[in-house]
Amino acid sequence: MQTVSTEGATAIATAHESRRQHGVGRILRSQEARVLLGLILLVVVFSIGTPHFLDQRNLFNVARQITMLAIVAFGMTVVLIAGGIDLSVGSVMAVTGVVVAALMKRYDVAVPMAVLLAMLVGLGIGTINGLVSNYLGIPAFIATLAMMTIARGLVLLYTKATPIYDFPHSFDFIGQGYVGPVPFPVIILAVVFALMYLMLRYTVLGRYAYAIGGSAEVSRLSGINVKLNSTVLFAISGLCAGMAGVILASRMGAGEPTAAQGMELDAIAAVVVGGTSLFGGKGTLVGTLLGAFLMGVLANGLSLMGIEPFIQMAISGVIIILAVTISARRRQ
């Protein structure tokens, strides 16, 4: 019993230390500083390379794109910190976008209720991911990969691969509206970031996430319900993806069953670039936010400079490899 108690204390202490060392006050250190420097350099390069980059309309467009990526990446962050991974987020976005569109268009559900129900669908899919991974013993990579295929297939079957559009104009405000000069999606991003930051840094669930990622077995021996807490984190990831799916449907003006393909890779790239370890136990939402901005600015700048999308995908892949390599070396 003494050994178990000592190991448990070590797991919790490690979680506390990880969170203490990676707060907002440390943004100018470590990986966050490198990402911030890289972001500044990208802005300078693209500002010189294309006159349209600093155009107000383009900046607002970048902000909206980053909003969806960042929200999905926040959910991915908490899952990765706990030692898991969620490959279904892109399909969840497509499902929730179609659900909210179908509820409004085909069933005359009011906009607020349709949005709430769509987000609950995302929460439910995330919960299923967690249950399958934790209680059936299937690795998270396989469980969420299967869910990615299942969800995408079902939404294509329901819509017959046809978008659902022509719903109430009041829904457009979520993805296209402004509050003063600020796009409404950016306000949503700020609120989600604040809530997720508080959860990860100041709640028991956040402390357990770091402990589980550091060592699931030691966490279990210390009395932490690893399966339950990990399932809750998957549910949060699904909820974040569902929220992003609603914003995307509003921005596009349609529930598109083929939307958000590849979003899971973009989210992983943003999270890993931001300093979250693929091996679990380490990561910050500040780093993820900076990583999302870097990936969003990179994609937008390359598009403005006429770089083909296929080359952009290759560049994103290279960035992921470099980030994972750096993460692995730092872990060693």
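Residues numbered from 1 in each chain as written. Predicted model: local features only at pLDDT ≥ 70, side-chain atom pairs only at ≥ 80, totals over all residues. Heavy atoms only, no water.

## Remarks on the overall build of the chain
The line we're drawing: Secondary structure follows DSSP: runs of H or I at least 4 residues long count as helices, runs of E at least 2 residues long count as strands, and numbering of each begins at the N terminus. To sort residues, take the accessible area from a 1.4 Å probe on protein chains only and compare it with the maximum for the residue type: under 20% means buried, over 50% means exposed, and anything in between is partly exposed. The contact definition used throughout considers only heavy atoms, calling two residues in contact when any of these lie within 4.5 Å.
The secondary structure content of the chain amounts to 14 helices and four strands. When each of the 332 residues of the chain is scored for burial, the buried share is 51%. Summarising the internal contacts of the chain: among those between residues at least 6 apart in sequence, 80% fall at separations of at least 24.

## Points about the environment of Ala118
Take Ala118: it is sitting in helix α5 (residues 111-135). Assessed through its relative accessible area of 0%, Ala118 is described here as buried. Separated by 127 residues in the primary sequence, Ala118 and Gly245 place their C-alpha atoms 8.6 Å from one another. With near-sequence residues (within four places) excluded, Ala118 lies in contact with Thr96, Val99, Val100 and Val246.

## Topic: the pattern of salt bridges
How we decide: Note on definitions: salt bridges are taken to be side-chain nitrogens of Lys or Arg within 4 Å of carboxyl oxygens of Asp or Glu.
Evaluated as defined, the whole model comprises two salt bridges. Linking Asp166 and Lys105 is a salt bridge whose minimum nitrogen-to-oxygen distance equals 3.4 Å. With Asp166 in the loop between β1 (164-165) and α7 (172-176) and Lys105 in helix α4 (residues 89-106), this pair connects stretches of sequence that are 61 residues apart. For Asp166, a relative accessible area of 56% puts it in the exposed group. One salt bridge in this structure joins Arg220 and Glu217, with 2.5 Å as the shortest N-O distance. Placement of both Arg220 and Glu217 in helix α10 (residues 216-221) is noted, with a separation of three residues, approximately one turn of the helix. Of the residues examined, Arg220 reaches a relative accessible area of 47% and is grouped as partly exposed.

## Side note on the confidence of the model for the chain
The condition is simple: Residue-level confidence of the predictor, termed pLDDT, takes values from 0 up to 100.
Of the residues in the chain, 90% reach a pLDDT of 70 or more, and the chain-wide mean stands at 89. Below a pLDDT of 50 lies the segment residues 1-5, which in the model reaches two contacts outside its immediate sequence neighbourhood of four places, other chains included.

## Notes on the packing of helix α3 (residues 56-81) against helix α11 (residues 226-252)
Threshold: Angles shown run from 0 to 180 degrees and are taken between the N-to-C directions of axes, each axis being a line fitted to C-alpha atoms and, for helices, limited to the stretch in contact. Note that the term roughly parallel is reserved for angles under 35 degrees, roughly antiparallel for angles over 145, roughly perpendicular for angles of 65 to 115, and oblique for everything else. Here a crossing is taken to be left-handed if its near helix is turned anticlockwise relative to the far helix by less than a right angle, and right-handed if that turn runs clockwise. Charged residues are taken to be Asp, Glu, Lys and Arg, nonpolar residues to be Ala, Val, Leu, Ile, Met, Phe, Trp, Tyr, Cys and Pro, and polar residues to be all remaining types, Gly included.
Direction vectors running N to C along α3 and α11 enclose 165°, while the axes themselves pass 7 Å from each other. In terms of orientation, α3 lies roughly antiparallel with respect to α11. In the crossing of α3 with α11, the sense of the turn from one axis to the other is left-handed. On α11, the residues touching Asn61, Arg64, Gln65, Thr67, Met68, Ile71, Val72, Gly75, Met76, Val78 and Val79 of α3 are Leu233, Phe234, Ile236, Ser237, Cys240, Ala241, Met243, Ala244, Ile247, Leu248 and Arg251. A class-by-class count of the residues in the contact of α3 with α11 yields 15 nonpolar, five polar and two charged.

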